[in-house]
Amino acid sequence: DDPLLIHLDDKIKLQQLMRSNSSTASTCWPLGFILPDEAALLKDESCGEQGRSWILKTATGYGSHGNRIVTKLEALDVAALDSSNYLCQKMISPSLLINGRKFSMRVYVYYFADGDVYLSKLGLVKFASEKFVQDSDQIDNRMYMTNSGRDDFTLQ
């Protein structure tokens, strides 16, 4: 836990860092709002609300603990009732799937003080424990969460 890397451990600080480079953020980073401070911006966002299409994340934490799949209105309710900071991100649509499951990739990059960058050949792909069902009325976090700390059945 290097204090110089806090921006990478804190989801809100990482959101701010990605947003500060607007050309990168607009092409490779999901639309997001820091709540409760940006609740009005989220309320005004007109990106085609379709059910539970947002993920609400606590600022810090591992294993997807504290993450919730919500509607925009549910996220705004949390912002109104809780002064804690949350990152509310629009889920990517259409969902990216491998063999019918949501996934996340962890790529290891080493940045050296002299400016050299090394991309490791090793990485990690994590899969949700349940196959993804588009437009499902029932929210099953096992379809969405890909972190191994989430439950005992997450595939890696």
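What counts, and where the lines are drawn
- Residues numbered from 1 in each chain as written.
- Predicted model: local features only at pLDDT ≥ 70, side-chain atom pairs only at ≥ 80, totals over all residues.
- Heavy atoms only, no water.
- Patch = residues over 30% accessible without salt bridge, like charges linked within 9 Å, V, L, I, M, F, W, Y side chains within 5 Å.
- Areas by Shrake-Rupley, 256 points an atom, 1.4 Å probe, with all protein chains shown as cover.
- Salt bridge = Lys/Arg side-chain N within 4 Å of Asp/Glu carboxyl O.
- Helix = DSSP H or I, 4+ residues; strand = E, 2+ residues; numbered from the N terminus.
- Phe/Tyr/Trp six-rings, centres within 6.5 Å; stacked < 30°, edge-to-face > 60°.
- Lys NZ or Arg CZ within 6 Å of the ring centre and 35° of its normal.
- Polar contact = N/O pair within 3.5 Å; in protein donor to acceptor, adjacent residues only side chain to side chain.
- Core = buried A, V, L, I, M, F, W, Y, C linked by side-chain atoms within 4.5 Å.
- Buried < 20%, exposed > 50% of the residue type's maximum accessible area, 1.4 Å probe, protein only.
- Contact = heavy atoms within 4.5 Å.
- Arc of directions from axis to C-beta.

1. Notes on a nonpolar patch on the surface
Moving on, step 1. Where nonpolar side chains cluster on the molecular surface, the patch consists of Ile98, Met105, Val107, Val109, Tyr111, Val117, Leu119 and Val125 and spans about 790 Å² of accessible area.
Moving on, step 2. Residue assignment for the nonpolar patch shows that the elements contributing at least two residues are β5 (103–111) and β6 (117–127).
Moving on, step 3. By residue number, the principal contributor to the nonpolar patch is β5, which donates four residues.
Moving on, step 4. The residue Val125 is located in strand β6 in this model.

2. Considerations on the packing of aromatic side chains
Moving on, step 1. Tallied over the full model, the rule gives three aromatic pairs.
Moving on, step 2. The ring centre of Phe132 lies 5.2 Å from the NZ or CZ of Lys102, which sits over that ring.

3. A closer look at the environment of Tyr86
Moving on, step 1. Along the polypeptide, Tyr86 turns up in strand β4 (residues 86–90).
Moving on, step 2. In this structure the C-alpha to C-alpha distance between Tyr86 and Phe33, which are 53 residues apart in sequence, comes to 8.2 Å.
Moving on, step 3. A polar side-chain atom of Tyr86 sits 2.7 Å from a polar atom in the side chain of Asp82.

4. A few points about the nonpolar core
Moving on, step 1. With 13 residues, the main nonpolar core has Leu35, Leu42, Trp54, Leu56, Ala75 and Cys88 as its most contacted residues.
Moving on, step 2. Elements with a minimum of two residues in this core: β1 (32–35), α4 (39–44), β2 (54–58), α5 (72–81) and β4.
Moving on, step 3. Counting residues per element, this core draws most heavily on α5, which supplies four residues.
Moving on, step 4. In this view, Leu35 contacts Leu42, Leu56, Ala75, Ala79, Ser84, Asn85, Tyr86 and Cys88; residues no more than four positions away in its chain are not counted.

5. As for α5
Residues spaced three or four apart along an α-helix face the same direction, because each turn holds 3.6 residues.
Moving on, step 1. Among all positions of α5, only Lys72, Ala75, Leu76, Val78 and Ala79 are buried. With its buried residues spanning 155° around the axis, α5 presents them on a single face. Along α5, exposed side chains directed more than 90 degrees from the buried face belong to Leu73, Ala80 and Leu81.

6. A short note on the environment of Ala128
Moving on, step 1. Assignment of secondary structure puts Ala128 in the loop between β6 and α6 (141–144).
Moving on, step 2. For the pair Ala128 and Met145, spaced 17 residues apart in sequence, the C-alpha to C-alpha distance is 5.6 Å.

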